[in-house]
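Notes for the structure review
Residue-level listing of the chains:
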Amino acid sequence: MIGLCDWPEPVVRVQSLSESGKRTIPDRYIKPPSDRPSLINSSPPDINIPLIDLSGLTNGDLAVRESTLKEISDACREWGFFQVINHGLKPELVDGAREIWREFFHESMEVKQRYANSPKTYEGYGSRLGLQKGSILDWCDYYFLHYLPSSLKDHNKWPDKPSSLREVVEEYSKEIVKLGNVLLEVFSINLGLKHDYLQNVFGGGDVGACLRVNFYPKCPQPDLALGLSSHSDPGGLTFLLPDEDVSGLQIRRGEEWITVKPVRHGIIVISNAIYKSVEHRVIVNPNKERVSLAYFYNPKADLLIHPAPELITPETPSRYPSMTFDDYRLFIRTKGPQGKSQVESLKSQS
Ligand code: OGA
Ligand code: NI
């Protein structure tokens, strides 16, 4: 593959820029006016994404289970974004996973640089997405790793400091995948498909699961930059563990950007390909850093992705060409957060 060998420009760690104490940010982080967050015009304080208690799926009461399924169905259709509580992950595990990553980002630069990533795989410690020379960058460093398929999991590519990180990430990953399996079953049922339909077409036990931990350092000019440009996630579904006390995630609702208010120990679910894959972005903060864990639960990389035949009708035809998840993901990896929109341009060629 040409062009994926190295970054087009020397890598600058956003955390180093932030810690330099400069009161202004370099030009290449300054968004054009139309993309800047309008901090004054933020969303009405009383709107939030749906909050769903997943204990309703398993507490044995059929009526409660039905109404929980319905809540999830409505949330997928109307929002594409919801928060879940009583999701099966222990509060200590949720907090532990977030805080161990915060500690990682506060390790010395020397420790972090040992894991510096390249655009070939994206695995490791990174500071940009996309390979276009001269593009405007986001105010964020990240760490990207694979959990599934097991052939891609390599503990040596996970940080060895703090010393318990690998163990905690292993446990957190296992529980997130379980939650993914539960939700795929719920989505299948809600779509009128066989309960194991989506799990099977995602590859059965061979799904993809990868984690991007985002670290948004303090930004002296938060009105000019974004932590993460607007995008919609490419995969099947995303489990986002937000920072406990710093908000920043916004989702698009019509012309407005709504700031998501996280619930303690809750996990934000972003239902992607199956329903509407909602545009979202992250704003940054002058006084506080922010850590989030985005777990992407994806179809097996080499399976051809296409709509369920049962759901294709003359009124709802297939809208995109079939392609593998690997090919699809390349759009984002080479073109940056908004690369996905260019898949549309393939339509005519299909
Ligand atoms: C992502 C993402 C949001 C956040 O990593 O895809 O949307 O709150 N993250 O960091
Ligand atoms: Ni996202």
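An unreviewed UniProt entry annotates the chain as Fe2OG dioxygenase domain-containing protein of Mikania micrantha. The chain has a UniProt comment under Sequence similarities (unreviewed entry) that states "Belongs to the iron/ascorbate-dependent oxidoreductase family."

1. A closer look at the overall build of the chain
Looking only at helices and strands, one finds 7 helices and 14 strands in the chain. Computed over C-alpha atoms, the radius of gyration of the chain comes to 20 Å, within 12% of the 20 Å expected from 2.2 N^0.38 for 350 residues, which places it in the range of a compact globule. Taking the principal axes of its C-alpha atoms as reference, the chain extends roughly 55 × 45 × 45 Å. Taking all 350 residues of the chain together, the buried fraction comes to 38%. A separation threshold of at least 6 residues defines the contact pool for the chain, and within that pool the share at least 24 residues apart is 78%.

2. Description of unusual backbone geometry
The omega torsion of the bond from Leu-148 to Pro-149 falls at -5°, within 30 degrees of zero and hence cis. Mapped onto the elements, Pro-149 comes out in the loop between strand S4 (141-148) and helix H5 (165-190). You will see that His-265, though not glycine, has its phi angle at about 65°, which is positive. Among the structural elements, His-265 can be located in the loop between strand S9 (256-259) and strand S10 (267-271). Judged by the 17 C-beta atoms lying within 10 Å of it, His-265 is partly exposed.

3. A few points about the site of ligand 1
Surveying the vicinity of ligand 1 reveals the residues Arg-212, Asn-214, Leu-228, Asp-233, Leu-240, Pro-242, Gly-248, Leu-249, His-280, Val-282, Ser-292 and Ala-294. Sorting the residues of the shell around ligand 1 by element identifies strand S5 (208-216), strand S11 (280-282) and strand S12 (290-298) as the ones contributing at least two each. Classifying every residue of the shell around ligand 1 by side-chain character gives 6 nonpolar, 4 polar and 2 charged.

4. Topic: the environment of Leu-152
Its place among the elements puts Leu-152 in the loop between S4 and H5. Remark: the alpha-carbon pair of Leu-152 and Gly-208, spanning 56 residues in sequence, is separated by 9.3 Å.

5. Looking at the pairing of S4
Within S4, 8 of the 8 residues are buried, which leaves it mostly tucked inside the rest of the structure. Relative to S4, strand S3 (residues 124-126) runs antiparallel, the two being bridged by 3 bridges. Its bridge partner lying in S4, Gly-124 is registered against Phe-144. Relative to S5, S4 runs antiparallel, the two sharing 7 bridges. Bridge pairing links Tyr-143 to Val-213 in S5.

6. Some details on the nonpolar core
Trp-139, Val-269 and Tyr-295 are the most contacted members of the largest nonpolar core, which totals 74 residues. The biggest single contributor to this core is H5, with 8 residues. When sequence neighbours within four positions are dropped, the list of residues in contact with Val-269 reads Phe-82, Val-84, Leu-183, Leu-237 and Phe-239.

Rules and cut-offs
Residues numbered from 1 in each chain as written. Chains lettered and ligands numbered in written order. Predicted model: local features only at pLDDT ≥ 70, side-chain atom pairs only at ≥ 80, totals over all residues. UniProt positions renumbered as here; feature names shortened; annotations may be inferred. Helix = DSSP H or I, 4+ residues; strand = E, 2+ residues; numbered from the N terminus. Rg over C-alpha atoms; globule rule 2.2 N^0.38 Å. Buried ≥ 20, exposed ≤ 12 C-beta atoms within 10 Å, placed from the backbone. Contact = placed C-beta atoms within 7 Å. Near = placed C-beta within 6 Å. Nonpolar A, V, L, I, M, F, W, Y, C, P; charged D, E, K, R; others polar. Pairing = 2+ DSSP bridges. Core = buried A, V, L, I, M, F, W, Y, C linked by C-beta atoms within 7 Å.

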